[in-house]
Amino acid sequence: MKKTLLASVLIGLGLTAVHAHAADNELNLYSARHYQTDEALYQDFTKQTGIKINRIEAKEDELLERIRNEGANSPADVFITVDASRLAKADELGIFAPVKSKVLEERIPAHLRTDNWFSYSTRARLIVYNKETVKPEQVQTYASLASPELKGKVCTRSGSHPYNISLGAALINHEGAEKTEKWARDLVANFARTPKGGDTDQIKAVAAGECGVAIANSYYLARLMNSTKEEDKAVVAKVGAVWPNQKTWGTHINISGAGMLKHAPNKAAAVKFLEYLASDSAQKYFADGNNEWPVVKTVKVTNPALDALGDFKADALPVGDLAKTAAEAQRIYDRAGFR
């Protein structure tokens with residue numbers, strides 16, 4: 001009762017809830033990131049702060065439904081996931097609380113954060129092509145994937161997947177809804193097969209000659225490039241990669257991100273965790289553990305695959321704007337038959 005009364009008084013005085021929970025020594029994390037390497041990230045946070053992480057992992061929709069059902073009694077402090085459209089969906093449900101942090105404002109570029117959630121790593125949506133059947137000059141832009149010369153050569157995962165929805169959202173922002181819908185219809189006409197599988201499956205299909213070209217997130221290709229398995233090396237040897245739209249708005253990027261929950265019982269710990277994710281050590285974990293790029297530009301990483309892929313011009317579209325057109329992108333895909 002005393003703690004509750006104190007928190008109420010502090011809030012009434014206009015102070016942040018962070019100070020009311022300064023002694024937090026645990027964090028309840030709801031995670032939709034399913035990468036084994038994140039374990040080292042969490043262990044490092046506990047080692048640095050002494051704050052214990054209680055983690056629940058599940059799919060995004062399951063976690064969001066759980067948070068909604070728990071309401072004000074939710075034990076969740078932080079929700080972490082991948083893809084801007086998923087974070088936007090969470091934000092629309094009103095589950096996040098705004099976080100004011102000098103650390104986050106100084107370390108995370110403005111276009112990679114919103115008032116309620118923050119990006120901590122980026123991945124690029126690149127074009128992978130078969131070196132024997134497609135020339136790199138044929139696939140220098142996302143628009144080229146809808147070119148008649150690639151008819152029957154394009155592979156991709158489902159249009160309902162957030163990775164592709166976010167790409168469509170970016171196209172709407174840059175090219176407009178009308179052009180994006182035409183692109184989607186022409187893209188569907190170029191499919192080598194019905195969309196299926198994940199991005200790794202698309203890369204392997206290109207290597208096998210089932211497709212001439214595919215769209216894939218960069219870290220899937222980097223994972224194959226860093227693999228010691230002979231079958232993965234064989235796949236990499238048969239494909240090339242292009243950073244699309246280098247002469248215009250740049251290659252579309254997406255993010256991993258997190259936000260503090262509105263009813264977080266451990267707000268001080270939540271802010272510490274969000275700030276930790278922007279630290280040099282955590283940023284290196286993202287790069288080394290899952291082949292993602294740090295959002296903090298001063299962080300230097302050594303990842304052979306990322307180094308081999310080289311530098312590129314990334315789209316600087318604010319993630320908040322990307323999120324605003326995600327629903328429209330899905331409707332366009334549905335009308336175009338991109339499912």
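No experiment lies behind these values; they were computed from the predicted model shown.

Observations regarding the overall build of the protein chain
Counting its secondary structure elements, the protein chain contains 16 helices and 9 strands. Taken over the C-alpha trace, the protein chain has a radius of gyration of 21 Å; the compact-globule value for 339 residues is 20 Å, and the two agree within 12%. Dimensions along the principal axes, computed over C-alpha positions, put the protein chain at roughly 70 × 40 × 30 Å. Per-residue burial for the protein chain yields a buried fraction of 54% across its 339 residues. Taking the contacts inside the protein chain whose residues are at least 6 apart along the sequence as the reference set, 79% of them involve residues at least 24 apart. Accessible surface, the protein chain: about 15400 Å² in total, of which carbon and sulfur atoms supply 52%.

A look at the packing of helix α7 (residues 162-175) against helix α8 (residues 177-189)
Between α7 and α8, whose axes approach to 7 Å, the crossing angle comes to 135 degrees. Considered as vectors, α7 and α8 are oriented oblique to each other. Taking contact as the criterion, the partners of L167, G168, L171, I172 and E175 in α7 are, on α8, A177, K179, T180 and W183. The residue inventory of the contact of α7 with α8, partitioned by class, reads 5 nonpolar, 2 polar and 2 charged.

A short note on the packing of aromatic side chains
According to the stated counting rule, one finds 13 aromatic pairs in the structure shown. Aromatic side chains Y35 and Y219 sit 6.0 Å apart centroid to centroid with 80 degrees between the ring planes, which places their arrangement in the edge-to-face category. Within this pair, whereas Y35 is found in the loop between β1 (26-31) and α3 (38-49), its partner Y219 is found in helix α10 (residues 218-226), the two being separated by 184 residues in sequence. In terms of burial, Y35 and Y219 fall into one category: buried. Ring centres 5.3 Å apart and planes at 65 degrees place the aromatic pair W293 and F312 in the edge-to-face group.

Some words on the pairing of strand β2 (residues 52-57)
Summarising the sheet, β1 and β2 pair through 6 bridges and their orientation is parallel. Looking at the pairing, E26 lines up with K52 of β2. Following the chain from β1 across α3 to the adjacent parallel β2, one finds a crossover that is right-handed.

Things to note about the environment of K59
You can see K59 is positioned in the loop between β2 and α4 (60-70). Between the C-alpha atom of K59 and that of A32, which follows or precedes it by 27 residues, the distance is 5.4 Å. Leaving out residues up to four positions away in the same chain, K59 has contacts with A32 and H34.

As for the packing of α8 against helix α16 (residues 326-336)
As a packed pair, α8 and α16 sit with axes 9 Å apart at the nearest point and diverge in direction by 40 degrees. Relative to α16, α8 is oriented oblique. Where α8 crosses over α16, the handedness of that crossing is right-handed. In this structure, α8 uses A177, T180, E181, W183, A184, R185 and V188 to contact α16, whose residues at the interface are E328, I332, Y333, R335 and A336. Taken together, the residues that form the contact of α8 with α16 break down as 7 nonpolar, 1 polar and 4 charged.

Comments concerning unusual backbone geometry
Look at D83: it is not a glycine, yet its phi comes out positive at around 90 degrees. Looking at where D83 falls in the secondary structure, it is placed in the loop between β3 (78-82) and α5 (84-92). Exposure remark for D83: the relative accessible area of 0% places this residue in the buried category. In the Ramachandran plot, N291 falls in the positive-phi region, its phi being about 55 degrees despite a non-glycine side chain.

Focus on the state of the cysteines
All told, the structure shown has 1 disulfide when counted by the stated rule. The partner cysteine of C155 in its disulfide is C211, sulfur to sulfur 1.8 Å. Between C155 and C211 the disulfide shows an S-S torsion of about -70 degrees. By sign, it is left-handed. With a gap of 56 residues between them, C155 in strand β5 (residues 154-155) and C211 in the loop between α9 (199-208) and β6 (213-217) connect regions that are remote in the sequence. Both residues of the pair, C155 and C211, belong to the buried class.

Procedures and definitions
Residues numbered from 1 in each chain as written. Predicted model: local features only at pLDDT ≥ 70, side-chain atom pairs only at ≥ 80, totals over all residues. Heavy atoms only, no water. Helix = DSSP H or I, 4+ residues; strand = E, 2+ residues; numbered from the N terminus. Rg over C-alpha atoms; globule rule 2.2 N^0.38 Å. Buried < 20%, exposed > 50% of the residue type's maximum accessible area, 1.4 Å probe, protein only. Contact = heavy atoms within 4.5 Å. Areas by Shrake-Rupley, 256 points an atom, 1.4 Å probe, with all protein chains shown as cover. Axes fitted to C-alpha atoms, helices over the stretch in contact; angles between N-to-C directions. Parallel < 35°, antiparallel > 145°, perpendicular 65-115°, else oblique. Nonpolar A, V, L, I, M, F, W, Y, C, P; charged D, E, K, R; others polar. Phe/Tyr/Trp six-rings, centres within 6.5 Å; stacked < 30°, edge-to-face > 60°. Pairing = 2+ DSSP bridges. Right-handed = clockwise from strand over helix to strand, strands pointing away. Left-handed = near helix turned anticlockwise from the far one by under 90°. Disulfide = S-S within 2.5 Å.

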